[in-house]
Amino acid sequence: MDNDKYLKGTTTVGVVCTDGIVLASEQRATMGNFIASKTAKKVYQIDDLVAMTTAGSVGDAQQLVRLVNVESQLYKMRRNESMTIKGIATLMSNFLNANRYYPMMVQLLIGGVDKNGPGIYSLDALGGSIEETRISATGSGSPMAYGVLEDQYREDMTVKEGLDLAIRAIHNATKRDSASGENIDVVVITKEAFRRLDPEEVKSIRTSLSK
């Protein structure tokens, strides 16, 4: 199966909270009108307390995940400390911009917690990088997700509240965007730990939000 034929049918969201960040994505992968996978992975751990969501070409996204994972590990070995979220975003931005004449068809969110606190950056295919201080969404379902995020986000949200908001945003996007659907993959990052939610836990939250 040619991964480069995968279209940008995706919804990913990021929520900055007082005590960490939440990244979430649905798990449908499409090739035109064909649903190629119902369990596609779109949220990747790239360092101890850093993750990245991907929208766009599967092959390009996976190559970038491998690249940034290796570079972050090498940095840690040389400096005996982890790269900051801004440092990882800048590294990725430089790589994408260097390939702007043959762009990698991706839209990324890079988020986590470092010595400066929680943070999320959004990156486009040409290397444009924006620090997201509140919320962000990417992919074909992002307009629907933003409607929920903008309406319900608060500056003083905890990760528990941000978790519910992220799942609600993805859940609503899958109802209106045909390229988004199936399960929801959610990662919560605090200064203490990186945690990927169990599918049953996500299902329970989705059920409670639908009531």
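Residues numbered from 1 in each chain as written. Predicted model: local features only at pLDDT ≥ 70, side-chain atom pairs only at ≥ 80, totals over all residues. Heavy atoms only, no water.

### With respect to the overall build of the protein
Point 1. For the protein, the count of helices and strands is five helices and twelve strands.
Point 2. Relative to the globule expectation of 17 Å for 211 residues, the C-alpha radius of gyration of the protein, 16 Å, shows essentially globular dimensions.
Point 3. The buried share of the protein, reckoned over its 211 residues, is 51%.
Point 4. Long-range contacts, defined here as pairs at least 24 residues apart, represent 65% of the contacts in the protein between residues at least 6 apart.
Point 5. Only carbon and sulfur atoms are counted for the fraction: they give 49% of the accessible area of the protein, which is about 10,300 Å². (Helix = DSSP H or I, 4+ residues; strand = E, 2+ residues; numbered from the N terminus. Rg over C-alpha atoms; globule rule 2.2 N^0.38 Å. Buried < 20%, exposed > 50% of the residue type's maximum accessible area, 1.4 Å probe, protein only. Contact = heavy atoms within 4.5 Å. Areas by Shrake-Rupley, 256 points an atom, 1.4 Å probe, with all protein chains shown as cover.)

### Quick word on the UniProt feature "active site" (unreviewed entry) in the protein
Point 1. Sequence positions flagged by UniProt for "active site" (unreviewed entry) are, in local numbering, Thr10.
Point 2. Mapping threonine 10 onto the fold places it in the segment before β1 (12-17).
Point 3. Accessibility expressed as a relative area gives 4% for threonine 10, which makes it buried.
Point 4. Within polar-contact distance, the side chain of threonine 10 engages the side chain of lysine 42 at 3.3 Å. (UniProt positions renumbered as here; feature names shortened; annotations may be inferred. Polar contact = N/O pair within 3.5 Å; in protein donor to acceptor, adjacent residues only side chain to side chain.)

### Some words on the sheet that holds strand β6 (residues 50-56)
Point 1. Sheet architecture is open: five strands sit in the order β5-β6-β7-β8-β9, paired in antiparallel fashion. Looking at which strands have only one partner, the edges of the open sheet turn out to be β5 (43-47) and β9 (129-132). Each neighbouring strand pair of the sheet contributes to a mean axis angle of 25 degrees, computed without reference to strand direction.
Point 2. Examined bridge by bridge, strand β7 (residues 106-114) and strand β8 (residues 117-123) share seven bridges and lie antiparallel to one another. The residue of β8 that forms the bridge with glycine 111 is isoleucine 120.
Point 3. Together, β5, β6 and β7 form the strand contacts of helix α1 (residues 58-79), whose direction differs from that of β5 by roughly 20 degrees.
Point 4. The sheet strands contacting helix α2 (residues 85-98) are β5, β6, β7, β8 and β9, and the helix crosses β7 at an angle near 160 degrees. (Pairing = 2+ DSSP bridges. Axes fitted to C-alpha atoms, helices over the stretch in contact; angles between N-to-C directions.)

### Considering the nonpolar core
Point 1. Val13, Leu149, Ile167 and Val186 are the most contacted members of the largest nonpolar core, which totals 38 residues.
Point 2. Secondary structure elements with two or more residues in this core: β1, β2 (20-26), β7, β10 (135-138), α3 (142-152), α4 (159-176), β11 (184-189) and α5 (199-210).
Point 3. Ranked by residues supplied to this core, first place goes to α4 with eight residues.
Point 4. Discounting residues that sit within four places of it in the chain, valine 13 has contacts with Val22, Leu23, Ala24, Leu109, Ser136, Ala137, Ala145, Leu149, Ala166, Ala169 and Ile170.
Point 5. Tyr44, Met104, Leu108 and Tyr121 belong to the second-largest nonpolar core, a separate cluster that totals 20 residues. (Core = buried A, V, L, I, M, F, W, Y, C linked by side-chain atoms within 4.5 Å.)

### Re the pattern of salt bridges
Point 1. Evaluation of the coordinates by the stated rule reveals ten salt bridges.
Point 2. In this structure, the salt-bridge partner of lysine 76 is aspartate 48, at a minimum N-O distance of 2.9 Å. Here lysine 76 is found in helix α1, whereas its partner aspartate 48 is found in the loop between β5 and β6, with 28 residues between them in sequence.
Point 3. Bridged by salt links that share partners, the residues Asp47, Asp48 and Lys76 form one connected network. (Salt bridge = Lys/Arg side-chain N within 4 Å of Asp/Glu carboxyl O.)

### A short note on the packing of α3 against α4
Point 1. Between α3 and α4, the shortest axis-to-axis distance is 7 Å and the interhelical angle comes to 145 degrees. Seen along the crossing, α3 lies across α4 with a hand that is right-handed. Seen from α3, the contacting residues are Met144, Ala145, Val148, Leu149 and Gln152; seen from α4, they are Leu165, Arg168, Ala169, Asn172, Ala173 and Arg176.
Point 2. The residue makeup of the contact of α3 with α4, split by class, is seven nonpolar, two polar and two charged. (Left-handed = near helix turned anticlockwise from the far one by under 90°. Nonpolar A, V, L, I, M, F, W, Y, C, P; charged D, E, K, R; others polar.)

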